[in-house]
Amino acid sequence: MQELLYAAVMAFAIAIMAGPLVIPILKRLKFGQSIREEGPERHYAKAGTPTMGGLLILVALTIPSLVFAGKHPEVLLALFVTLGHGFIGFLDDFIKVVLKRSLGLKARQKLLGQIIMALALSYIASIYFGRGTDVWIPGFGVNIDFGALYYLLIFIVLVGTTNAVNLTDGLDGLAAGTTTVAALAYAVVALSFGKPDLAIFCVALAGACLGFLRYNAFPAKVFMGDTGSLALGGALAAVAVMTKTEFLLVIVGGVFVIEALSVIIQVISFKSTGKRVFKMSPIHHHFELSGWSETKVVTVFWLAGAVFAAVALSLVAISRSGGM
């Protein structure tokens, strides 16, 4: 248990101490965020705020994970998936911000990188680690073998989670805060499933996000960019796969799921009827345009994330006591 505390504190401290060093560098390099023209007007003032701050999270996560759990192959795989998605996000940010190509990586290029990550994760987890192709069902305490469909499931989980976290990263502190809650919940899940090494990875992730919030909370001094959001999604998905709780992730990451669904619903509605369900998607912008302050939206979404996490942990407890 001491390692959990040490890893969390080290990650938090690294993020806090690295901020004053990294943020000025990002400013000098003019790695400034561009703002969507169709977005809320109050966001225009954020133009030029340094982005790619996800590098802070990656460094703060990696060091304590290696120090306290670097001997465990599962942690190394989780780091590989996280840093791999961080690299994809970094390339996307670099193209958009530095090369001034607003669309960044092409969709097929991003998808190719995510396919490679999914293949590596599914192969190593199911074959090298002998995890098989079964998945744990929340609340019932049973595992169902998905056979060959398991690899498709991992791809959906990985791509879905990374993109959902990416969509959530639209307000100061929103993605970092909700990921902190989800990571802490997954630390408990990992311990419940006898994976203390992955629990160390999770608390390090939570500590890194919490430290990053020092500079990302409203008014943000730095944004995480795709460098951070894709990496955070990859980290959560990797832990879910390693603990065989892919379906539980849907509950733990309920806020991310709602954000992604709001975009899907908006697109389908507009293309089929010409009408919008929300004033703007993702849904956090809908609440902004409905008159909520940015800090109110973020706080409510953090609380919603905590509720989802509590529900997920309750299902784990029920399963451990014999199922529904």
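Read on for an overview of the structure. (Residues numbered from 1 in each chain as written. Predicted model: local features only at pLDDT ≥ 70, side-chain atom pairs only at ≥ 80, totals over all residues. Heavy atoms only, no water.)

### Concerning the pattern of salt bridges
Point 1. Here the structure, examined in full by the defined rule, presents six salt bridges.
Point 2. Beyond isolated ion pairs, a larger network of salt bridges with shared partners links Asp92, Lys96, Lys110 and Asp226. (Salt bridge = Lys/Arg side-chain N within 4 Å of Asp/Glu carboxyl O.)

### Considering the environment of alanine 204
Point 1. If you trace the backbone, alanine 204 turns up in helix H7 (residues 196-216).
Point 2. With 144 residues separating them in the primary sequence, alanine 204 and alanine 60 have C-alpha atoms 7.6 Å apart. (Helix = DSSP H or I, 4+ residues; strand = E, 2+ residues; numbered from the N terminus.)

### Concerning the environment of glycine 86
Point 1. Assignment of secondary structure puts glycine 86 in helix H3 (residues 73-97).
Point 2. Once the C-alpha coordinates of glycine 86 and alanine 125 are considered, the two residues, 39 residues apart in sequence, prove to be 20 Å apart.
Point 3. Residues within four places of glycine 86 in sequence aside, it is in contact with Leu58, Thr227 and Ala231. (Contact = heavy atoms within 4.5 Å.)

### Overview of helix H5 (residues 149-168)
Point 1. The end-to-end C-alpha distance of H5 is 28 Å, a good match for the 28 Å that 20 residues give at a rise of 1.5 Å each.
Point 2. All of the buried residues in H5 are Tyr150, Leu153, Ile154, Val157, Leu158, Val159, Thr161, Thr162, Ala164, Val165 and Thr168. (Expected span 1.5 Å × (residues − 1). Buried < 20%, exposed > 50% of the residue type's maximum accessible area, 1.4 Å probe, protein only.)

### Overview of H7
Point 1. Over its 21 residues, H7 runs 29 Å from end to end, which matches the ideal 30 Å to within 8%, given 1.5 Å per residue.
Point 2. Most of H7 sits inside the fold, with 18 of its 21 residues counted as buried.

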